[in-house]
Amino acid sequence: MTDNIAAGSPASGLSSPGDGYLGDPAVRAEWDRRYAERQQLWSGKPNGVLVAELAGLTPGRVLDVGCGEGADAVWLARGGWDVTALEVSGVALERAAGHARDAGLAIHWVHAALTEAVLPPASFDLVSAQYPALLRTPDAAAERTLLAAVAPGGVLLFVHHAGMDTQQTHDSGFDPDDYVWPSMVADLLDDDWEIEVDEQRPRLAPEGGAGAHHTEDRVLRVRRLR
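First things first, this report covers the structure right here in the doc. (Residues numbered from 1 in each chain as written. Predicted model: local features only at pLDDT ≥ 70, side-chain atom pairs only at ≥ 80, totals over all residues. Heavy atoms only, no water.)

### Digging into the packing of aromatic side chains
The full count for this structure, using the stated rule, is 1 aromatic pair. Taking the centre distance of 6.2 Å and the plane angle of 45° together, the rings of W31 and Y35 count as tilted. In this pair, W31 and Y35 are both assigned in helix α1 (residues 25-36), 4 residues apart and thus about one turn of the helix distant. Of the two residues examined, W31 and Y35, each falls in the buried class. (Phe/Tyr/Trp six-rings, centres within 6.5 Å; stacked < 30°, edge-to-face > 60°. Helix = DSSP H or I, 4+ residues; strand = E, 2+ residues; numbered from the N terminus. Buried < 20%, exposed > 50% of the residue type's maximum accessible area, 1.4 Å probe, protein only.)

See the structure below:
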């Protein structure tokens, strides 16, 4: 069983998840604070779109982007996938690693921001990004990193809450212009990619957990042809 949390290799131990973190310390601190406020932030069940879209796919190597408390990663590992799970929050990774340990599952944990992580290029049969909080940059770094991680013949599944990209800036400070949405990934696709799904649909939401009030999903599923 793998119980490591690392930025680029499985060298860092579970006891010090902050060691070797690659990314903005302020982002890590903010997400650590959010997770620390509640004993469990999410439902503990895999995301509905992930379950639905993986039907019929042969398990291979998967990158779980923004794995949170590990529900998707654990579900994927149970299904025979070789899972690499990436997260900025050390608090969340501690919980995720505990769930995997309790289930006797081997998962490689990466404590890093997506754009700072050391990931093997073009090597994942599935890249799963379920409602990720990916910060937008002028060079589209996050979008390009997602696409670059997909192996030829592999799939990127990017899911977000429908309509959030057009909301007004909240008093809480949420500004949709700060984040990456599925349409931004779709805009970067060339002839090396095939769009298999690009649609809005009712959300298959697990009961409980933060975000349960969202009722519609935007689903982008694309396949790398070469």
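### What to know about the pairing of strand β3 (residues 82-87)
Among the 6 residues in β3, 5 count as buried, and that is most of the element. As paired strands, strand β2 (residues 61-65) and β3 are joined by 5 bridges and run parallel to one another. Bridge pairing links L63 to T84 in β3. Following the chain from β2 across helix α3 (residues 71-78) to the adjacent parallel β3, one finds a crossover that is right-handed. Where β3 lies against strand β4 (residues 108-111), 4 bridges are found, and the strand directions are parallel. In the sheet register, A85 faces β4, and the bridge partner there is W109. (Pairing = 2+ DSSP bridges. Right-handed = clockwise from strand over helix to strand, strands pointing away.)

### Quick look at unusual backbone geometry
Of note, the phi angle at A122 is positive, near 50°, even though the residue is not glycine. In this structure, A122 sits in the loop between β4 and β5 (124-130). What makes A122 partly exposed here is its relative accessible area of 29%. Not every positive phi belongs to a glycine, and Y131 is a case in point at roughly 55°. Relative to the helices and strands, Y131 resides in the loop between β5 and α5 (141-149). By relative accessible area, Y131 is classed as buried at 16%.

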